[in-house]
Amino acid sequence: MIDLQHITQEYKNADGKGTFFACKDVNLHIDRGDIFGIIGRSGAGKSTLVRCINLLNRPTSGTVIVDGKDLTKMTEEQLRAERRQIGMIFQHFNLLSSRTVFNNVALPLELANTPKEAITKKVMPLLELVGLTEHANKYPSQLSGGQKQRVGIARALSSDPKILLSDEATSALDPETTQATLQLLKKINKELGLTIVMITHEMDVVKEICRRVAVMDKGVIVEEGDVIDVFRDPKCEVTQAMLGTAVSARSIPASMIERVRKLLTSPRELNKAMHLLRLTFVGSSTTAPVLSQACHKFELDFNILLGQVDEVQSESYGTLTLVIEGTEDNYLKAVDFISSNGVRVEDLTHVI
Ligand SMILES: Nc1ncnc2c1ncn2[C@@H]1O[C@H](COP(=O)(O)OP(=O)(O)OP(=O)(O)O)[C@@H](O)[C@H]1O
Ligand SMILES: [Mg+2]
């Protein structure tokens, strides 16, 4: 549905001397009907990139293909028609305060010279879809944040777009309203088959509705994949930092190292060994049964030191750091057993 090829956006530095790249040779492919997340630190170039999709931003170089058509080769008039296929919603809703809910949603249709009757026919079902029928005659100042965003969504849908771009659309909303808005976007994606591109800094948003995610850093896409894969095993430092809690469980805090060291070197039965392990979910497994089965089967004891386990679209991801004790032979068998059940095992004993 969307194919960005070698997108580069160069801007002048604030001091007027030299230039910098807000996007640098970015290639991105987004499938029809997908919900695609773009995450990254502030200033990474996310908004710049997404605004290239409807050419609100004309990139310095690169090609933008939407639904098989090369937008970068179009005249302004052709582009205007194509832009109607691409709706956009924003963090601060961008509603006109002097217009009612109905008239805000109607605005794009008025601008396209749609007859009055056709406008009513179009707007009322959209208000119904977003659950605002009763509020049609209110003004934005009389609405809650969530309701305002729903007006924004209805307005973006008024020209029957194929794509919906969302730039931090839930960032100004409380968690409950965010949830409701995400459910609405999910419904729109499913019922209308819309392709949705979501820029967000909220990992919960990505987790909740995106199928794929790209991570941007300094104008470049540094990581991309199915959400579950990226969340389970973030490769880049930026992604790990953005995933926050999952990261802290990946490394052992300095305060704990001494205790673990003591534990590992403490005296024990002659034929027994102790290992420090990190388990990372890499397949569709739930570690708890795998771990307890392994320990039961191979007569091992374990003690969990750190853990962070969460779910994305009903698949678990995360890490567990633990010490495990038993005979060396059984330990090796247990590692085999755990690995073959979709959990990556790293022995960190020598790191301590
Ligand atoms: N019109 C412009 N002229 C000059 N520099 C710009 C312009 N638009 C954006 N930039 C710069 O490009 C970089 C990327 O900006 P962009 O808005 O794409 O970041 P972002 O990832 O969306 O950040 P945020 O999460 O804060 O919204 C920033 O350093 C920004 O200051
Ligand atoms: Mg932005």
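### Focus: the overall build of the chain
Across its full length, the chain carries 13 helices and 14 strands. By its C-alpha atoms, the chain is 90 × 50 × 35 Å across when sized along the principal axes. Per-residue burial over the chain gives 49% buried out of 352 residues. Here the analysis covers contacts within the chain between residues at least 6 apart in sequence; of these, 68% occur between residues at least 24 apart. Entry remark: accessible area of the chain is about 17,000 Å², with carbon and sulfur atoms responsible for 51%. Put simply, the chain has 41 plus and 44 minus side-chain charges, and the middle of one group is 5 Å from the middle of the other.

### Things to note about the site of ligand 1
What surrounds ligand 1 is the set Y11, F20, A22, R41, S42, G43, A44, G45, K46, S47 and T48. Contact between ligand 1 and G45: an oxygen atom at 2.9 Å from a main-chain N or O atom of the residue. The protein chains hide 56% of the 640 Å² of surface that ligand 1 would expose on its own. Those elements that place two or more of their residues in the shell around ligand 1 are strand 2 (19-30) and helix 1 (46-53). Here the shell around ligand 1 gets three residues from one element, more than from any other, and that element is helix 1. Of the residues in the shell around ligand 1, the class split is four nonpolar, five polar and two charged.

### Focus on the sheet that holds strand 11 (residues 272-281)
Taken in spatial order, the four strands line up as 12-13-11-14 in an open sheet, and their pairing is antiparallel. The sheet is open, and its two edges are formed by strand 12 (301-312) and strand 14 (343-347), each paired on a single side. Across the sheet, the mean angle separating the axes of adjacent strands is 20° when strand polarity is ignored. Strand direction decides the pairing type here: strand 11 and strand 13 (residues 315-327), joined by nine bridges, are antiparallel. In the strand pairing of strand 13, M274 is matched with E325. In the packing of helix 11 (residues 254-265) onto the sheet, contacts are made with strand 11, strand 12 and strand 13, and the angle to strand 11 comes to roughly 135°.

### Here's the deal with the pattern of salt bridges
Overall, the coordinates contain 20 salt bridges when judged by the stated rule. Salt-bridge contacts for E224 lead to R212; the nearest nitrogen and oxygen are separated by 3.6 Å. Placement of E224 in strand 10 (residues 220-226) and of R212 in strand 9 (residues 212-217) is noted, with a sequence separation of twelve residues between them. Taking the relative accessible area as the measure of exposure, E224 reaches 34% and is therefore partly exposed. Overall, the relative accessible area of 23% leaves R212 in the partly exposed class.

### Focus on the layout of surface pockets
The volume enclosed by the largest pocket comes to roughly 620 Å³. Residue lining of the largest pocket: 18 residues in total, with R83, R84, I86, P108 and S159 positioned closest to the centre. Mapped onto the lining of the largest pocket, the elements with two or more residues apiece are helix 2 (76-83), strand 6 (86-90), helix 3 (101-111) and helix 5 (145-157). In terms of residues, the lining of the largest pocket owes the most to one element, strand 6, which gives four residues. Split by residue class, the lining of the largest pocket holds nine nonpolar, five polar and four charged. Approximately 170 Å³ is the volume found for the second largest pocket.

### Considerations on the domain arrangement of the chain
The domains assigned to the chain are domain 1 (2-244) and domain 2 (254-351). Residue-level contacts link ten residues of domain 1 with 13 residues of domain 2. Taken over both partners, the interface formed by domain 1 and domain 2 buries close to 860 Å², and the fraction arising from carbon and sulfur atoms is 46%. Ranking the residues of domain 1 by area buried against domain 2 places K207, I228 and R232 at the top, with a combined share of 70%. Between the two partners, domain 1 and domain 2, sit one salt bridge. Notably, a salt bridge pairs R344 with D233, separated by 3.0 Å at the nearest N-O pair. Our enumeration of links across domain 1 and domain 2 arrives at one residue pair in polar contact (both at pLDDT 80 or more). Among the secondary structure elements, those contributing two or more residues to the side of domain 1 that touches domain 2 are helix 7 (203-209) and helix 8 (227-232). Considered class by class, the residues forming the side of domain 1 that touches domain 2 number six nonpolar, no polar and four charged.

Rules used in this analysis
Residues numbered from 1 in each chain as written. Chains lettered and ligands numbered in written order. Predicted model: local features only at pLDDT ≥ 70, side-chain atom pairs only at ≥ 80, totals over all residues. Heavy atoms only, no water. Helix = DSSP H or I, 4+ residues; strand = E, 2+ residues; numbered from the N terminus. Buried < 20%, exposed > 50% of the residue type's maximum accessible area, 1.4 Å probe, protein only. Contact = heavy atoms within 4.5 Å. Areas by Shrake-Rupley, 256 points an atom, 1.4 Å probe, with all protein chains shown as cover. Lys, Arg positive; Asp, Glu negative; His and termini not counted. Charge placed at Lys NZ, Arg CZ, Asp CG, Glu CD. Near = heavy atom within 4 Å. Polar contact = N/O pair within 3.5 Å; in protein donor to acceptor, adjacent residues only side chain to side chain. Nonpolar A, V, L, I, M, F, W, Y, C, P; charged D, E, K, R; others polar. Pairing = 2+ DSSP bridges. Axes fitted to C-alpha atoms, helices over the stretch in contact; angles between N-to-C directions. Salt bridge = Lys/Arg side-chain N within 4 Å of Asp/Glu carboxyl O. 1 Å grid on protein atoms, 1.4 Å probe; cavity = no way out; pocket = protein on both sides within 12 Å on 5 of 7 lines; lining within 4 Å. Points joined across faces, edges and corners; volume = space filled by probe spheres on them. Domains from an automatic or database assignment. Buried area = accessible area lost by both parts, 1.4 Å probe.

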